[in-house]
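# Close look at the chain arrangement
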Amino acid sequence: MAENSNPATGPDEVEREFAETLQGAAFIFEKEENGRFQGSIMACKAVARFVYQRNGGAELAAPFMQIAAAFEELERGGKPKLFSKKSAPNRERERSPERRHIHMLAAAALEVMVKLEPRTIKISDAETSKREAAAARVARHVNRWPGMGAQQVNGSTIIAWRNHQRGLSKGDRKPFDTVVAKILAEPNPRKTVDQLLRSGPPGFFKS
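Residues numbered from 1 in each chain as written. Predicted model: local features only at pLDDT ≥ 70, side-chain atom pairs only at ≥ 80, totals over all residues. Heavy atoms only, no water.

## A look at the nonpolar core
What counts here: For this analysis, a nonpolar core means a set of buried residues of the types Ala, Val, Leu, Ile, Met, Phe, Trp, Tyr and Cys, connected via side-chain atoms within 4.5 Å. For the exposure calls, accessible area comes from a 1.4 Å probe over protein chains only, and a residue counts as buried if that area is under 20% of its type's maximum, exposed if over 50%, partly exposed in between. To qualify as a helix, a DSSP run of H or I must reach at least 4 residues; to qualify as a strand, a run of E must reach at least 2; elements of each kind are numbered from the N terminus.
Counting residues in hydrophobic clusters, the biggest one holds 28 residues, and the most contacted among them are V138, V142, W145, I158 and W161. Counting residues per element, the ones that place at least two in this core are α5 (97-115), α6 (125-142), α7 (155-166), α8 (174-184) and α9 (189-199). It is α5 that provides the largest number of residues to this core, a total of eleven residues. F37, C44, A68 and F71 belong to the second-largest nonpolar core, a separate cluster that totals five residues.

Here it is, written out as structure tokens:
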């Protein structure tokens, strides 16, 4: 990540935005109804945004996005695995924010792999075959990721997850688009995807 601003010149625009957002989050946490949720969510997202703006790796921001997602689930009355000491039933885990985060990252990995392949105006059988092979490769790794439990996925599952993300509204698909853009901006996007597939979601704990 980039170095801090020069003390002689004071904080830069990114640091000022970060500080102001944290102050707003602290006020909401202390003063507003349900502020313990919204304030925590805002603070976690502010940290993740700061990391992104400072060109930090996705592995640095991911834990804060997971915490924010868990607070959002908690606010809706759910029971996020991140805050649970007990193992939730498989069906419940499938609806958890952690599992949805896995779906999004797997879909983003496939999206990047597709974008890195040369494209023609009309999708050919060869391109379809490459996409299916890439999806099958993603699925093999995802089945070994922490948090997946006994659920087994295949290439068709990964393609469906990608189609779901691409079909979301602009606001809802922002995390997906951000991850894809961040990976594509890396010096070696293929290597970054390989690292994600081998290591699994950054910050995830073993189930």
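## So, the packing of aromatic side chains
Note on aromatic pairs: each is described by the distance of the centres and the angle between the planes. Defined as follows: Paired rings are identified among Phe, Tyr and Trp, the last through its six-membered ring, by centres lying within 6.5 Å, and are further divided according to the angle between planes into stacked (under 30 degrees), edge-to-face (over 60) and tilted (the rest).
Scanning all chains against the criterion turns up one aromatic pair. Here F18 and F50 contribute two aromatic rings whose centre-to-centre distance is 4.5 Å and whose plane-to-plane angle is 20°, an arrangement assigned as stacked. Taken together, the positions of F18 in helix α1 (residues 13-31) and F50 in helix α2 (residues 35-53) put the pair 32 residues apart, joining distant regions of the chain.

## With respect to the packing of α5 against α8
Stated precisely, the cut-off is as follows: For helices, the fitted axis covers only the stretch in contact; all axes are lines through C-alpha atoms, and the angles between them, taken along N-to-C directions, range from 0 to 180 degrees. Working definition: roughly parallel below 35 degrees, roughly antiparallel above 145 degrees, roughly perpendicular at 65 to 115 degrees, and oblique for all remaining angles. Each crossing is labelled by how the near helix is turned from the far one, with a counterclockwise turn of less than a right angle marking it left-handed and a clockwise turn marking it right-handed. Should any heavy atoms of two residues lie within 4.5 Å, those residues are counted as being in contact. Each residue gets one label: Ala, Val, Leu, Ile, Met, Phe, Trp, Tyr, Cys and Pro are nonpolar, Asp, Glu, Lys and Arg are charged, and the others, such as Gly, are polar.
In the contact formed by α5 and α8, the axes pass within 9 Å of each other and the chain directions differ by 45°. Taken together, the axes of α5 and α8 are oblique relative to one another. Read as a crossing pair, α5 and α8 show a hand that is right-handed. Counting all contacts with α5, which are made through M104, L105, A107, A108, E111, V112 and K115, the residues of α8 involved are P175, F176, V179, V180, I183 and L184. Classifying every residue of the contact of α5 with α8 by side-chain character gives eleven nonpolar, no polar and two charged.

## Let's talk about empty space enclosed by the protein
Under the convention used in this document: Here a cavity means grid points, on a 1 Å grid over the protein atoms only, where a 1.4 Å probe fits yet cannot get out; a pocket means an open set of points with protein on both sides within 12 Å along at least five of seven lines; lining residues are those with an atom within 4 Å of a point. Grid points are joined across faces, edges and corners, and a volume is the space filled by probe spheres set on the points.
Under the definition given, this model contains two cavities of 30 Å³ or more. Considering only enclosed or pocket space, the second largest cavity measures out at about 30 Å³ in volume. Along its surface, the second largest cavity is lined by Q66, A69, P97, E98 and H101. For the lining of the second largest cavity, the elements supplying multiple residues, two or more each, are α3 (58-75) and α5.

## Looking at the pattern of salt bridges
Pairing is possible between side chains of opposite charge, provided their charged atoms come close. This is how it is decided: What makes a salt bridge here is a side-chain nitrogen of Lys or Arg within 4 Å of a carboxyl oxygen of Asp or Glu, nothing more.
Under the defined criterion, the tally for this structure stands at twelve salt bridges. E17 is paired through a salt bridge with R49; the nearest N and O atoms lie 2.5 Å apart. Pair noted here: E17 is in helix α1 and R49 is in helix α2, with a separation of 32 residues, a long-range link. Note that E111 and R162 form a salt bridge whose closest N and O atoms lie 2.6 Å from each other. Taken together, the positions of E111 in helix α5 and R162 in helix α7 put the pair 51 residues apart, joining distant regions of the chain. This pair shows no difference in class: E111 is buried, exactly as R162 is. Taken together, the shared-partner salt bridges connect E111, K115, R162 and R166 into one network.

## Some words on the side chain of R54
To keep it simple, the criterion reads: Polar contacts, as counted here, are pairs of nitrogen or oxygen atoms within 3.5 Å of one another; within protein the pair requires one atom able to donate a hydrogen and one able to accept it, and residues that are adjacent in sequence qualify only if both atoms are side-chain atoms.
Relative to the elements of secondary structure, R54 occurs in the loop between α2 and α3. Side-chain polar atoms of R54 contact the side chain of D12, separated by 2.6 Å.

## Examining the confidence of the model for the protein
The following threshold applies: For every residue, the pLDDT score states the predictor's confidence, bounded by 0 at the bottom and 100 at the top.
Residues with a pLDDT of 70 or more make up 81% of the protein, whose mean pLDDT is 81. At the level of individual helices and strands, the protein shows its lowest average pLDDT in helix α4 (residues 90-94), which scores 46, and its highest in α7, which scores 93. This model gives residues 88-93 a pLDDT under 50, and the stretch forms five contacts once residues within four places in sequence are excluded.

## Details of the layout of surface pockets
Counted as a void, the second largest pocket has a volume near 420 Å³. What lines the second largest pocket is a set of 21 residues, among which M113, V114, K115, E117 and R131 lie closest to the centre. Looking at the lining of the second largest pocket, its residues break down into eight nonpolar, one polar and twelve charged.

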